[in-house]
Amino acid sequence: MGEESGDSTPRRRHSRAGKLPGRQDWSSWPHYQAAATGFRGYWYPVTYSSQITTKPRQVTLLGEKIVLIRDNGTVFALKDRCPHRGVPLSEGNQQFPGTISCPYHGWTFDLATGELKAAITDGPASPICGKVTQPTYEVTERLGMVWVFVGDGEDAPPIDSQLPEELVGNAAVVGSRMQPRAGNWRFACENGYDEGHAKYLHRTALWRLFKAMPVWNETRIVRRGRWIYRVQEKQYWDADFPGLGKWSNQAWYKMKPPTEVGNIGNTTTHRKVNPVIAAQEFPGFASVSMPGVLRIVYPTFIHYEFYVPVDADRHLYVGVMASFGKGVKTWPFYAKYLGFVRWLFHGQFSGQDRWMVEVTDAPPERLYRPDDSLLKWRKLAEDVSEERAKRLRAEGLESVGRPTDN
Amino acid sequence: MGEESGDSTPRRRHSRAGKLPGRQDWSSWPHYQAAATGFRGYWYPVTYSSQITTKPRQVTLLGEKIVLIRDNGTVFALKDRCPHRGVPLSEGNQQFPGTISCPYHGWTFDLATGELKAAITDGPASPICGKVTQPTYEVTERLGMVWVFVGDGEDAPPIDSQLPEELVGNAAVVGSRMQPRAGNWRFACENGYDEGHAKYLHRTALWRLFKAMPVWNETRIVRRGRWIYRVQEKQYWDADFPGLGKWSNQAWYKMKPPTEVGNIGNTTTHRKVNPVIAAQEFPGFASVSMPGVLRIVYPTFIHYEFYVPVDADRHLYVGVMASFGKGVKTWPFYAKYLGFVRWLFHGQFSGQDRWMVEVTDAPPERLYRPDDSLLKWRKLAEDVSEERAKRLRAEGLESVGRPTDN
Amino acid sequence: MGEESGDSTPRRRHSRAGKLPGRQDWSSWPHYQAAATGFRGYWYPVTYSSQITTKPRQVTLLGEKIVLIRDNGTVFALKDRCPHRGVPLSEGNQQFPGTISCPYHGWTFDLATGELKAAITDGPASPICGKVTQPTYEVTERLGMVWVFVGDGEDAPPIDSQLPEELVGNAAVVGSRMQPRAGNWRFACENGYDEGHAKYLHRTALWRLFKAMPVWNETRIVRRGRWIYRVQEKQYWDADFPGLGKWSNQAWYKMKPPTEVGNIGNTTTHRKVNPVIAAQEFPGFASVSMPGVLRIVYPTFIHYEFYVPVDADRHLYVGVMASFGKGVKTWPFYAKYLGFVRWLFHGQFSGQDRWMVEVTDAPPERLYRPDDSLLKWRKLAEDVSEERAKRLRAEGLESVGRPTDN
């Protein structure tokens, strides 16, 4: 039953909804803008090693459907579309060692070379053999995961040259979590490296329950080699907003900043820092590199995030935690990781990021001061991509999805 | 198991399926044709007042996403997209009175003006403050519902100038029902005002179970002020169709027309007509006005339908029943409304309309004589829209979705 | 927990994913390419006869929505869209014998001619009567199913001229199965007539559990009248693939070819072949005719498949088994059919085909030697369609969806 509001219409000014404010597109970074389905020329983790057996399995990476299969211990990857009638090879199986056969007519491809070795239903002398080669992908295994290289015909670089340096050569125990997520991979990566949101969005995360976070920071971004680092110049633990009032992330039950040990960016006071970690914590605790790899240095471990493009609307979140050490020293990490870090950090904390990545809708976008971290990341991506484009042109190769295609 | 039909192929003539007959588009009414997502420049009811609390809520109106929130008793409406990265403000909450904050980075907007008052994660002196203004909408509450004005930058007219006149200033009790429905709002409005379908489609409705309806009428449409009225010249209670036979809506258990009291369009013989109702029943019991408001005058109450455009494919059905009177006199209406009118009229009767609005697929369309009511409604909409377009041009404003856009 | 793979990156050559190999489109057969929603000018089975009663029912055929209704024992078909406002007539019912009425305003069409006989809500003298004619389709019943002719205004040929010849005039008992399926009808038809896949895809079907199949055949295609036949020149029961090894469909529990009785294409040694079947088994056991009818001659029955186009993405699979004979002789067929043939053959065996038709994605396609059967089928379709196009032009008619439309 209704009740009349006797008020007259409020006198607020009505604004017309028209063109959205701010930057209308990402044309300032043409390579980045064109990379909706990811950057080519990199290794990407696509699944756990344990998931790939002799039963073929389809994954989608950078918009391409790929069949993965393990043969005699080694993982192989081919384009997952039989050239005959377009049927996925991943629906088939192995009829001969070292091959995969399409389920429809038994076209049988060599796993290593992609060569059509037999068309079973056309007999041993089928004239088509040797005339068809299925595209293959380079594959390797690292950190308990299968990695696939997607390029444009160039030689794949060694994966070690792309992995975070400290993961190459150092003994480490790692825990990981792979989760298919909605949203473009660039929103995920920008969210990961974004300086601003953690202090607001994650203020309610259980992971931060007993640890205060600053309200805002003064920050600058520094490039060192393949990585750009976020350097905290100054942290502000509370603030008084003109016309609004005070706002703070602190509470009596949260550890105060001066005595804070495990706080992000404040690891230098920690008692027993592992030497591998100590080497990484300068110049900043948060860094990012191509093709979308985030590294956060905590006092006792390093956390990585790989934002793997599935297609323009979906990505694979790969979170990895690494503790550097050997033998008995690593047991506490295992226990802690399995006991609650996995659920709390990868799950609940990261679930807030997942939520934002799903609902982000940009450009148009109106950036603000803390987005300098985003701008620097886009510039890194742009510069590195332009270098690669030059290399490809010098080799007479051409990239799929290059900027001028869009 | 099959059985042969020994018949030879029937000799019926086969007609080729090609271009559909009749009117191919609505270009005779360019404003109307362009108004797939509704007419701008009007107040629309969007939800019950009780639904809007301090927890923000998103509604879609004329294709625009709007966040509604109640602050200190007053409802406010803003465009539901943070200009920073496109996140819905309705996913956020209030950090300071009189504001709403985006959940991602804490951008905080003044509810009344849309001004960006703080970007929490950039500190109190953030240079972006004062440089961003979020579009707002004028809002008011009437009849237990929240109404939002969607325009093109012009001043909103007082809502009283748009509500049915008898609802302004008269004491009334109202019952209402809001239901999201599939189908374009124009099909819903045309269905509501359509002269022809009631007598056929609704012949089986329980609401009509004991009341006969004519087979067909002679009708003309008359404009008075903002409204066009359907005037019944003559009613035919049964008919003999050449080559087919007799057809009638009458039955022994239905009240016959001469003694009919509660029959549509036949209210003048009613004993105690409320003066408000009596004032409305001439020149016709069914009338319609912009931007899609139907009014049906019954002997003891008036029924209204508002067809609120959500987007091109969905609308919000808002049915309102009003009884004019005060105090004890209104109790029987409450009892009757809550007891069965709400279910029978709004529900079952109106469910038949809902069904037709969902399956209507026009243009193309081949209209017939009773569709004069539709043509007059389209003409009203066209004329009123052309007047508004002239006013906007005179003010230097331009309408979103004006005919030439399409 | 991860484990490092110490291997260096495999040295497999990476191939760039670019343009797909083989034939890029079907422009060599323009009529066939244009026939995504089927060929016009044919009778198609659309439902079981028992499904059509006095309650109207919608079917989609060649992308057209058609209402079917039985009146006084005869089935009628009209375009299922009232020309007034686009409402499906199948949502209405009968108000007068020999007619169907739209549920919205009671427009009433003659079932046989499509003529608008009454617009009930405009009274007996409605000026629109006689000015609107709804397109109708010719309908007949055969083999327990309703068949509809979709053409371009030409006279429908007698259905007997299109049915497999042996089904006209011979006593037969038939069992059938109709199943809506995903995928374009052409993939279904090409799969049905495809020479190659049966020996590989179906090697695991229970239907073949105790019967060996060859690995590959030498085959040629021969046209006789409306049909093209697959003639097996030679069958190879096992094969040794260079570099891979031996491969065979034989097993100790499968009947060996020399003593094989019920094997496909090997029926001449069968003891008591029915004379109707004997007449069909030369020159080959598998044949196909327009507009997509497959015939497989088994020793004791004939199996037919009709691939009925619903729209570009869906088809209706109609499997029919016919045993030729009368009276007591037919009982074993009934028992066998109902007992397990229906489940095993139509269901499990045909389910493998269904799977492939769903995942086929062509063109592009890279055909191989056994695809000569596909090429000959496409040529048949093309030649017959070109003849029809000439006939239509001579009559001054024009086909919907003719090649130049696409």
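Placed above this text is the structure.
The shown structure was predicted, so the numbers you read here are calculated from the model rather than taken from an experiment.

Rules of the game
Residues numbered from 1 in each chain as written. Chains lettered and ligands numbered in written order. Predicted model: local features only at pLDDT ≥ 70, side-chain atom pairs only at ≥ 80, totals over all residues. Heavy atoms only, no water. Contact = heavy atoms within 4.5 Å. Buried area = accessible area lost by both parts, 1.4 Å probe. Salt bridge = Lys/Arg side-chain N within 4 Å of Asp/Glu carboxyl O. Polar contact = N/O pair within 3.5 Å; in protein donor to acceptor, adjacent residues only side chain to side chain. Helix = DSSP H or I, 4+ residues; strand = E, 2+ residues; numbered from the N terminus. Nonpolar A, V, L, I, M, F, W, Y, C, P; charged D, E, K, R; others polar. Buried < 20%, exposed > 50% of the residue type's maximum accessible area, 1.4 Å probe, protein only. Least-squares fit on C-alpha atoms with pLDDT ≥ 70 in both. Pairing = 2+ DSSP bridges. Axes fitted to C-alpha atoms, helices over the stretch in contact; angles between N-to-C directions.

Colleague: Talk me through the interface of chain A and chain B; I want residue IDs and the actual numbers.
Modeller: With 54 residues of chain A in contact, the opposing surface of chain B contributes 65 residues. Taking both sides of the interface into account, the surface hidden between chain A and chain B amounts to around 4,900 Å²; carbon and sulfur atoms contribute 56%. Here chain A and chain B share 4 salt bridges between them. As a salt-bridge pair, R369 of chain A and D122 of chain B come within 2.9 Å of each other at their nearest N and O atoms. Summed over the shared surface of chain A and chain B, the number is 15 residue pairs in polar contact (both at pLDDT 80 or more). Contributing elements (two or more residues each) for the side of chain A that touches chain B: α2 (185–193), α3 (198–201), β13 (238–241), β14 (245–248), α5 (331–359) and α6 (372–394) of chain A. Broken down by class, the residue content of the side of chain A that touches chain B amounts to 26 nonpolar, 10 polar and 18 charged.

Colleague: Kindly report on the pattern of salt bridges, identifying the contributing residues and their values.
Modeller: This model, assessed by the stated rule, comprises 69 salt bridges over all chains. As a salt-bridge pair, E365 of chain B and R85 of chain C come within 3.3 Å of each other at their nearest N and O atoms. One end of the pair, E365 of chain B, is in the loop between α5 (331–359) and α6 (372–394); the other, R85 of chain C, is in the loop between β4 (74–79) and β5 (99–101), on a second chain. Per residue, the accessibility class of E365 of chain B equals that of R85 of chain C, and both read buried.

Colleague: An account of the environment of I296 of chain B is requested, with residue identities and associated values reported.
Modeller: Residues and elements named next belong to chain B. Examined against the element boundaries, I296 turns out to sit in strand β16 (residues 293–297). With a relative accessible area of 9%, I296 lands in the buried category. Along the sequence, I296 and Y193 sit 103 residues apart, while their C-alpha atoms lie 9.4 Å from each other. Setting aside its immediate chain neighbours within four residues, I296 contacts F285, A286, F301, I302 and H303.

Colleague: Outline the relation of the copies chain A and chain B, supporting the account with residue identities and numerical values.
Modeller: Each copy of the sequence occupies a distinct position, and chain A is placed on chain B by a rotation of 120° and an axial shift of 0.1 Å, giving an RMSD of 0.1 Å. Here the symmetry operator amounts to a three-fold rotation axis. The rotation axis passes nearest to the C-alpha of D313 of chain A in chain A, at a distance of 14 Å.

Colleague: Mind laying out the sheet that holds strand β11 (residues 216–224) of chain A, listing which residues take part and the relevant values?
Modeller: Residues and elements named next belong to chain A. Here we have 7 strands laid out as an open sheet, ordered β10-β18-β17-β16-β15-β12-β11, and antiparallel in their pairing. Looking along the sheet, the strands with just one partner apiece sit at the ends: β10 (172–182) and β11. Across the sheet, the mean angle from the axis of one strand to that of its neighbour is 20°, orientation sign disregarded. When strand β15 (residues 286–289) meets strand β16 (residues 293–297), the two strands line up antiparallel, connected through 4 bridges. Residue pairing in the sheet places S289 in a bridge with V293 of β16. Sheet strands in contact with α2 are β11, β12 (227–236), β15, β16, β17 (302–311) and β18 (314–324), and its direction is about 160° off that of β17. Of the strands in this sheet, β11, β12 and β15 are in contact with α6, which crosses β11 at around 15°.

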